[in-house]
Amino acid sequence: MTPMTLELLRCHLAYVPFVSPLETAIPHMTRYWLWLMLPLVAVISVVYKGTKVQEVRELPLAATALAVQILFFLAVIAGGLYLVTWIAIYHMPAGF
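Report follows, based on the coordinates. (Residues numbered from 1 in each chain as written. Predicted model: local features only at pLDDT ≥ 70, side-chain atom pairs only at ≥ 80, totals over all residues. Heavy atoms only, no water.)

## Some points on the packing of aromatic side chains
Line of reasoning, step 1. Taken as a whole, this structure holds one aromatic pair when the rule is applied.
Line of reasoning, step 2. A centroid spacing of 5.2 Å and a plane angle of 75° characterise the contact between Phe72 and Phe73, whose relative ring orientation is edge-to-face.
Line of reasoning, step 3. By relative accessible area, which is 49% here, Phe73 ends up partly exposed. (Phe/Tyr/Trp six-rings, centres within 6.5 Å; stacked < 30°, edge-to-face > 60°. Buried < 20%, exposed > 50% of the residue type's maximum accessible area, 1.4 Å probe, protein only.)

If you want it as structure tokens, here you go:
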């Protein structure tokens, strides 16, 4: 094996999900990986509402409403987790 191949294997085998940061696995994605949530939410809402609406002309409004709801609740959950983390780091006793 060439040194380049060994280096590539070392980089990819060293990644452990939920332990290593994302930039270990995909170095060029760290600046914009969160923006990939928008097309994912859009596709999920269109597919889900596509199975629920009676007429096709209802689909854009229903899918948009669902996408906004999903993004809103994801933001609320992220804010709640941030608050819990902030309390755990800065306001818990040292020996707790």
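Moving on from the model shown.
## Some details on a nonpolar patch on the surface
Line of reasoning, step 1. Taken together, the side chains of Tyr82, Leu83, Trp86, Ile87, Ile89, Tyr90 and Met92 present a nonpolar region at the surface, about 770 Å² in accessible area.
Line of reasoning, step 2. Position of Met92 relative to the elements: it lies in the segment after helix 4 (59–90). (Patch = residues over 30% accessible without salt bridge, like charges linked within 9 Å, V, L, I, M, F, W, Y side chains within 5 Å. Areas by Shrake-Rupley, 256 points an atom, 1.4 Å probe, with all protein chains shown as cover. Salt bridge = Lys/Arg side-chain N within 4 Å of Asp/Glu carboxyl O. Helix = DSSP H or I, 4+ residues; strand = E, 2+ residues; numbered from the N terminus.)

## Observations regarding the environment of Leu38
Line of reasoning, step 1. As for its placement among the helices and strands, Leu38 is situated in helix 3 (residues 37–50).
Line of reasoning, step 2. Classification of Leu38 as partly exposed rests on a relative accessible area of 39%.
Line of reasoning, step 3. Spatially, the C-alpha atoms of Leu38 and Leu71 are 8.3 Å apart, while their sequence positions differ by 33 residues.

## As for the pattern of salt bridges
Line of reasoning, step 1. Applying the stated criterion across every chain yields a total of one salt bridge.
Line of reasoning, step 2. Salt-bridge contacts for Arg57 lead to Glu55; the nearest nitrogen and oxygen are separated by 2.6 Å.
Line of reasoning, step 3. Judged by its relative accessible area of 70%, Arg57 falls in the exposed class.
Line of reasoning, step 4. The exposure class of Glu55 is partly exposed, given its relative accessible area of 36%.

## Describing helix 4
Line of reasoning, step 1. The terminal C-alpha atoms of helix 4, which comprises 32 residues, lie 46 Å apart, in line with the 46 Å expected from a rise of 1.5 Å per residue.
Line of reasoning, step 2. Among the residues of helix 4, Ala62, Ala63, Leu66 and Ala67 are the ones counted as buried.
Line of reasoning, step 3. The inward-facing, buried residues of helix 4 abut helix 3. (Expected span 1.5 Å × (residues − 1). Contact = heavy atoms within 4.5 Å.)

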